[in-house]
Amino acid sequence: MSMSGKSFRVLGERTARKDGLARVRGLERYASDYYLRNMLHARVLKSPYPHARVRSIDVSEAEGLGATVITFRDIPRVRFCPRLVSTPEATYKDWLVLTDRPLYVGEPIAAVAAESEEEAQRALESIRVEYEVLEPILDPLDSMRPGGPQLHETILLGDEEVRVEGNLACRLEVAEGDVEKGFGEADVVLEREYRTSRRYHSQLEVKSALVNPEPDGGVSIWCTTQTIHNTRLLIHEIFGIPTSRIRVYRLPLGGSFGSSIHTNLVVPIAVALALKAGRPVKLAYTREEDMHDHSSYQMIFRLKLGAKRDGRLTAGELDMVMDIGAHQVQAYPLLGCVVGWWVSLYKLPSKRYRGRAIYTNKVPSCAMRGYGNPQTTWMVESMVDELAEAVGMDPLEFRLKNYVGKGDIFWGQGPTVKSVIESCGVEEILRRGAELIGWDKRPKPGEQRGRYRRGIGLGRGFHTSSAGAAVPGTVVDYSGAILKVNEDGTIDYITAMVDQGGGSLEAHAKIIAEELGVPLEVVNIVAADTQTTLYDVCTHASRGVYAGGGAALRAAREVKGKLLELAARVLDAYPHALEIRPDEELGQGIIYARGVEGKEITIGDLTTMARHKNWGTIASAVSFRPGSCPPHFTAFFAEVEVDTSTGRVRPVRVVAGADIGTVINPDLAEGQIHGGFAMGWGLAVLEDTPYDPETGDLLCRGYITDYKVPTAADMPDVEDFKVFFVETHEPTGPFGAKGLGEAAKNPAAAAVANAISNALGVRFYELPITPDRILKALREKG
Amino acid sequence: MRIEFTLNGRRRRVDVEPNQLLLNLLRDELGLTGAKYGCGIGVCGACTVLLDGEPVLSCLILAVEVDGKTVETIEGLGEGGRLDPLQEAFIETGAIQCGFCTPGFIMAAKALLEENPEPTEREIREYLKGNLCRCTGYVNIVKAVKLAAERAKYLT
Ligand code: FES
Ligand code: FES
């Protein structure tokens, strides 16, 4: 049952995911599981320096060994942005596939393809490069200072060349209301600096691509990607191959978390090699190469908030500098989203924001599950706790007083994407969560003395479901769905949307089954590629269920209309008086006239009849743009234990509540929250990729031995992790559903950080909160 | 070099390079891509297979080392077309998200349940801590292993 009083047949049921069988049998094939006869193996030559110029490059020996070799000279010198989600006027382009001016350790200079990986490696090692080593800059604040090394002289904004000053990649300023007056009215004003870390996605599957050159000059591509259509568009943009001859297959992804929203560099490199060699080429990164390929955005915030004694916020000011590494993937849209995340948590009558994205000689940053929202939420939720304490209010009541909820204007996706919130379960999440964790019994900050100290913390947040809006804006967001009814009553569902693992396509199948009144088993998610699907922008922004499901629902409605229309002819009834019910025994849907016996026909029989009578295929093709991007809400209550002699933190209990509208896949939805917490835990206490100032390389040199992510042993017991959903109904979502993937993580780190502060009576302004930082803080506190 | 071993119940004779890794033999030569490359240095567990019943990381083992031995991979699990209770439990509890870690987890859990048919939750977590999963937060995976253990108890 949903809040709207509607009960569902398939939605909300625990069902076995369709791809589960292949996955438990080891038969699911991910990009690197594809092989072609006659394929060559590729390796990439990467810059050993964080900043250099290639003076000369000699590949003759490698070619002499029989390898196919490419350098920057072999690839059209097209400057591009690997992420094609924004419209041209909001897209900065500063990438080349292979470069002669490397800007980070690991930037590709050249690539080879040979008969085996070993031969490829030998060929790679025989390439002679002479570098002019340039001074690198690793700190974003240093990078902004005049007179230092410059990474890019000019870059493109759309097609227009723009000069880069002071390594400032892009900037955004937004203000609303009278901020000075707002702070003047406040009884308490706090101002703090917060720093987050540079994390690595550590998705289990490393980046890989297999490319087959086709006889017509086109290419077929099996690669790690969250978007097959944007991959195709980019390959077209760089190589000029007609779009219709670029075939990118939709494959399962071994996790991604944002690291394949943009087209991974392995794809154009493998395309260039395959075109030159005239043979299939496979390029799969090693884990160490993968770690030199992408990272999250590191943010340095300066936040100021004012509140009245009654707890009402009056004004806010935020200055954000983010380290984006050597190239822009989506820094500019992120500047807009960060202000969106910030102002959509709590009502600020007046606010001012300045965001700046800065180049450094580090691995390029890209979205990582939450797209800046986890960092922003940690900052806000940390200060909200402090403000509540300053005005003597319960932090939970403080949140209830100020949160942005139903009826409020929402600009989660940035200042250009505004809408009104139509569904919101925040209050219920907070009240129920508080009860389950025992909020009233939490310790007073700093009152404990023993070696082990426990604390309870709260983090509250949201994420947008898709980047849809009432107006076009600067973000592309639409999906496509094709449905075909087969002669045995089964349904083919064809979509370009990639499932990152969360079960989006499973949800689509359920939505289709629900709408059509057929058993879930008959909805078949068919293998698909760019040539056989309608455009889908990308699986990101928690849009899988909401936007992709929206397209699936509309396609199902159309097919249903056609089925009823044809059945009406056959049954001599009126289409609007017909309904469809599933017949589990027959394993298909039956169309029937209510209350009239004998007036019924199975979908299979109807479709077969349509074939014999030459009525044509019962099918639909729908392209759907969501008209808003409603927030889905979550809160985490975490209890932690800090060992004050080692500084180690352990999660004791977690309670998480979520409002995702109608719940479609209950166990997968819970799974999103479990995984979100683990990733939030990593952000809070574990993960960072510091650089070696001597070499300019990652300190861990890409070895995940030194990049700890949470293990099973680090997480609380099953029964100490409670997840609940408060069901609301989102009127714009398919059957009332919203997204989940990112809010499942966003406030988790904040809850952990607040719990640590609650245990110790000390606040931390830099992530991760490592044992060293805890011990230092305890020493300073005395 | 020629080696002979039992792979998922069948005798196999293959020629291998002296420096060839078991993981690469399975994936590149024998078409068994269930074992995954996740790190190549023994950190992630995605390449876990059973060697004479013991869980090993196939990215750290040379193919020549399996000469005369028995190797079981995820593809060989389950009998007579039926799923192993672990495989069933993974599907039922929602323990699979992207599924990339799943074969490694199932093989490691298989070894655990052989060794210790009634593990406590902490024992499960300790045993599986060499297998990384970035999607599930491990909750449903632990649930799946518990469920499979429960069921096996009923069976015996
Ligand atoms: S690939 Fe063998 S442990 Fe990671
Ligand atoms: S399910 Fe994705 S890594 Fe485990």
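Conventions we followed
- Residues numbered from 1 in each chain as written.
- Chains lettered and ligands numbered in written order.
- Predicted model: local features only at pLDDT ≥ 70, side-chain atom pairs only at ≥ 80, totals over all residues.
- Heavy atoms only, no water.
- Helix = DSSP H or I, 4+ residues; strand = E, 2+ residues; numbered from the N terminus.
- Rg over C-alpha atoms; globule rule 2.2 N^0.38 Å.
- Buried < 20%, exposed > 50% of the residue type's maximum accessible area, 1.4 Å probe, protein only.
- Contact = heavy atoms within 4.5 Å.
- Areas by Shrake-Rupley, 256 points an atom, 1.4 Å probe, with all protein chains shown as cover.
- Lys, Arg positive; Asp, Glu negative; His and termini not counted.
- Charge placed at Lys NZ, Arg CZ, Asp CG, Glu CD.
- Pairing = 2+ DSSP bridges.
- Axes fitted to C-alpha atoms, helices over the stretch in contact; angles between N-to-C directions.
- Domains from an automatic or database assignment.
- Buried area = accessible area lost by both parts, 1.4 Å probe.
- Salt bridge = Lys/Arg side-chain N within 4 Å of Asp/Glu carboxyl O.
- Polar contact = N/O pair within 3.5 Å; in protein donor to acceptor, adjacent residues only side chain to side chain.
- Nonpolar A, V, L, I, M, F, W, Y, C, P; charged D, E, K, R; others polar.
- Phe/Tyr/Trp six-rings, centres within 6.5 Å; stacked < 30°, edge-to-face > 60°.
- Lys NZ or Arg CZ within 6 Å of the ring centre and 35° of its normal.
- Disulfide = S-S within 2.5 Å.
- Core = buried A, V, L, I, M, F, W, Y, C linked by side-chain atoms within 4.5 Å.
- Expected span 1.5 Å × (residues − 1).
- Arc of directions from axis to C-beta.
- Parallel < 35°, antiparallel > 145°, perpendicular 65-115°, else oblique.
- Left-handed = near helix turned anticlockwise from the far one by under 90°.

(A) Structural view of the overall build of chain B. A count of helices and strands for chain B gives five helices and five strands. The linear arrangement of helices and strands in chain B, starting from the amino end, is β-β-α-β-β-β-α-α-α-α. On C-alpha atoms alone, chain B measures out to a radius of gyration of 15 Å, which is about the 15 Å that the 2.2 N^0.38 rule sets for 156 residues. Taken along its principal axes, the extent of the C-alpha atoms in chain B is 45 × 35 × 25 Å. For chain B, buried positions account for 56% of its 156 residues. Within chain B, contacts between residues separated by at least 24 positions form 55% of all contacts whose residues are at least 6 apart in sequence. On chain B, roughly 6400 Å² of surface is accessible, and the fraction owed to carbon and sulfur atoms is 48%. The centroid of the 18 positive side-chain charges in chain B is displaced by 5 Å from the centroid of its 22 negative side-chain charges.

(B) Just the sheet that holds strand S28 (residues 631-643) of chain A, in detail. Residue and element names in this part refer to chain A. An order of S20-S28-S29-S30 is seen for the four strands of this open sheet, with the pairing classed as mixed. If you trace the sheet from one side to the other, it starts and ends with strand S20 (452-464) and strand S30 (721-725), each paired once. In this sheet, neighbouring strand axes are inclined to one another by 15° on average, regardless of whether the strands run parallel or antiparallel. Pairing of S20 with S28, which is carried by 13 bridges, proceeds in the antiparallel orientation. When the sheet's bridge partners are listed, Thr464 is paired in S28 with Pro631.

(C) Looking closely at the domain arrangement of chain A. Residue and element names in this part refer to chain A. Annotation of chain A at the domain level lists domain 1 (20-28 + 478-624), domain 2 (34-134 + 204-255 + 260-291) and domain 3 (298-470 + 628-781). For domain 2 versus domain 3, the distance between C-alpha centres works out to 36 Å. With 19 residues of domain 2 in contact, the opposing surface of domain 3 contributes 27 residues. Together domain 2 and domain 3 conceal approximately 1900 Å² of surface at their shared face, both sides included; 65% is due to carbon and sulfur atoms. On the domain 2 side of the interface with domain 3, the three residues burying the most area are Tyr92, Asp94 and Met291, jointly 31% of the side's total. On the surface where domain 2 and domain 3 come into contact, there are zero salt bridges. The interface formed by domain 2 and domain 3 holds seven residue pairs in polar contact (both at pLDDT 80 or more) in total. Residue contributions to the side of domain 2 that touches domain 3 peak at three residues, all from helix H8 (residues 287-291). For the side of domain 2 that touches domain 3, a count of residues per class yields eleven nonpolar, three polar and five charged.

(D) Highlighting helix H1 (residues 22-29) of chain B. Turning to H1 of chain B, its buried residues number three or more, namely Leu22, Leu23, Leu25, Leu26 and Arg27 of chain B. Directly beyond the C-terminal end of H1 of chain B, a positive phi value near 70° is found at Gly31 of chain B.

(E) Structural detail: the packing of aromatic side chains. Scanning all chains against the criterion turns up 17 aromatic pairs over all chains. Considering the side-chain rings of Phe105 of chain B and Tyr138 of chain B, the 6.1 Å spacing of their centres and the 55° angle between planes classify their relative orientation as tilted. Of this pair, Phe105 of chain B sits in helix H3 (residues 102-115) while Tyr138 of chain B sits in the loop between helix H4 (121-127) and helix H5 (139-155); the two residues are 33 residues apart in sequence, bridging distant segments of the chain. For Tyr138 of chain B, a relative accessible area of 1% translates into the label buried. Through pairs of rings, three or more aromatic residues link up here, namely Phe636, Phe677, Trp681 and Phe721 of chain A. In this arrangement the basic side chain of Lys282 of chain A is found over the ring face of Tyr35 of chain A, its NZ or CZ atom lying 3.7 Å from the centre.

(F) View of the pairing of strand S2 (residues 10-15) of chain B. All names here are of chain B. As paired elements, strand S1 (residues 2-7) and S2 share six bridges and run antiparallel to each other. Paired with Glu4 across the bridge in S2 is Arg13. Following S1, the chain reverses through two residues before pairing antiparallel with S2; Asn8 in that reversal takes a positive phi of roughly 50°.

(G) Geometry of the state of the cysteines. Scanning all chains against the criterion turns up zero disulfides over all chains. Left unpaired, Cys337 of chain A is separated from the closest cysteine sulfur, that of Cys629 of chain A, by 8.8 Å.

(H) Region of the structure containing the interface of chain B and chain A. In this assembly, 47 residues from chain B lie in contact with 56 residues from chain A. For the pairing of chain B and chain A, the buried interface totals around 4100 Å² over both sides, and the portion due to carbon and sulfur atoms is 59%. Put simply, chain B and chain A have six salt bridges between them. The residue Glu687 of chain A makes a salt bridge to Arg134 of chain B at a minimum N-O spacing of 2.7 Å. With five residues, H5 of chain B is the single largest residue contributor to the side of chain B that touches chain A. Here the residues of the side of chain B that touches chain A sort into 21 nonpolar, 13 polar and 13 charged.

(I) Highlighting the pattern of salt bridges. According to the stated counting rule, one finds 67 salt bridges over all chains in the structure shown. Note that Arg23 of chain A is salt-bridged to Asp19 of chain A, the shortest N-O span being 3.4 Å. In this structure, the salt-bridge partner of Lys110 of chain B is Glu114 of chain B, at a minimum N-O distance of 3.8 Å. In this pair, Lys110 of chain B and Glu114 of chain B both sit in helix H3, four residues apart, roughly one turn of the helix. Linked by salt bridges that have partners in common, Arg17, Asp19, Arg23, Glu28 and Asp499 of chain A make up one network.

(J) Geometry of the nonpolar core. Formed by 241 residues in total, the largest nonpolar core has its most connected members in Ile269, Trp342 and Ile756 of chain A together with Phe90 of chain B. Sort the elements by how many residues they give to this core and helix H17 (residues 748-760) of chain A lands first, with ten residues. If sequence neighbours within four positions are ignored, Ile269 of chain A has contacts with Val44, Ile70, Val97, Leu98, Pro108, Ala111, Leu283 and Tyr285 of chain A. Counting 36 residues, the second largest nonpolar core, distinct from the first, contains Ile491, Tyr493, Leu578 and Ala610 of chain A.

(K) View of the domain arrangement of chain B. Residue and element names in this part refer to chain B. According to the domain assignment, chain B contains domain 1 (2-76) and domain 2 (81-155). When each unit is reduced to the centre of its C-alpha atoms, the spacing between domain 1 and domain 2 is 21 Å. Listed per partner, the contact involves 14 residues of domain 1 and 13 residues of domain 2. When the two sides are added together, the surface that domain 1 and domain 2 hide from each other amounts to roughly 1100 Å², 68% of it contributed by carbon and sulfur. Our count for the contact surface shared by domain 1 and domain 2 stands at zero salt bridges.

(L) Molecular detail of helix H12 (residues 426-437) of chain A. Residue and element names in this part refer to chain A. With twelve residues, H12 should reach 16 Å at 1.5 Å per residue; the first-to-last C-alpha distance of 16 Å fits that figure. Residues of H12 that are buried include every one of Val426, Ile429, Leu430, Gly433, Ala434 and Ile437, and no others. All buried residues of H12 lie within an arc of 120° about the axis, which places them on one face of the element. Close packing links the buried residues of H12 with helix H11 (395-402), S20, S28, strand S29 (649-659) and S30. Immediately beyond the C-terminal end of H12, within one or two residues, lies Gly438, with a positive phi of roughly 80°.

(M) Up close: the sheet that holds strand S3 (residues 48-51) of chain B. Residue and element names in this part refer to chain B. Taken together, the five strands give an open sheet; going across it, the order is S2-S1-S5-S3-S4, and neighbouring strands pair in mixed fashion. Either end of the sheet is taken by a strand with one partner, and the two such strands are S2 and strand S4 (54-57). Ignoring which end each strand starts from, the neighbouring axes of this sheet average 40° apart. Both S3 and strand S5 (residues 70-72) contribute to a ladder of two bridges, which runs antiparallel.

(N) Representation of unusual backbone geometry in the model. Residue and element names in this part refer to chain A. Each neighbour pair has its own omega, and for Leu767 with Pro768 the value is -5°, a cis peptide bond. Here the phi dihedral of Ser202 falls at roughly 50°; this positive angle occurs in a residue that is not glycine. Relative to the assigned elements, Ser202 resides in the loop between strand S10 (188-195) and strand S11 (208-213).

(O) Just the packing of helix H2 (residues 85-92) of chain B against H3 of chain B, in detail. Residues and elements named next belong to chain B. Contact geometry for H2 and H3: axes closest at 10 Å, N-to-C directions at 130°. Taken together, H2 and H3 sit at an angle that is classed as oblique. Once H2 is placed against H3, the crossing between them reads as right-handed. Across the interface between the two elements, Leu86, Gln87 and Phe90 from H2 touch Thr102, Phe105, Ile106, Ala109, Lys110 and Leu113 from H3.

(P) Focus on the side chain of Asp33 of chain A. The topology assignment puts Asp33 of chain A in the loop between helix H1 (20-24) and strand S1 (40-46). Side chain to side chain, Asp33 of chain A and Lys36 of chain B meet in a polar contact 2.5 Å long. Beyond its immediate sequence surroundings of up to four residues, Asp33 of chain A is in contact with Glu28 of chain A together with Arg27, Thr33 and Lys36 of chain B.

(Q) Quick peek at the environment of Pro136 of chain A. All names here are of chain A. Tracing the backbone through its elements, the reader meets Pro136 in the loop between strand S6 (128-133) and helix H4 (140-144). The exposure class of Pro136 is partly exposed, given its relative accessible area of 30%. When the C-alpha positions of Pro136 and Pro651 are compared, they lie 39 Å apart, and in sequence the two are 515 residues distant. If we ignore the near neighbours within four places in the chain, the residues touching Pro136 are Pro50, His51, Pro149 and Asn361.

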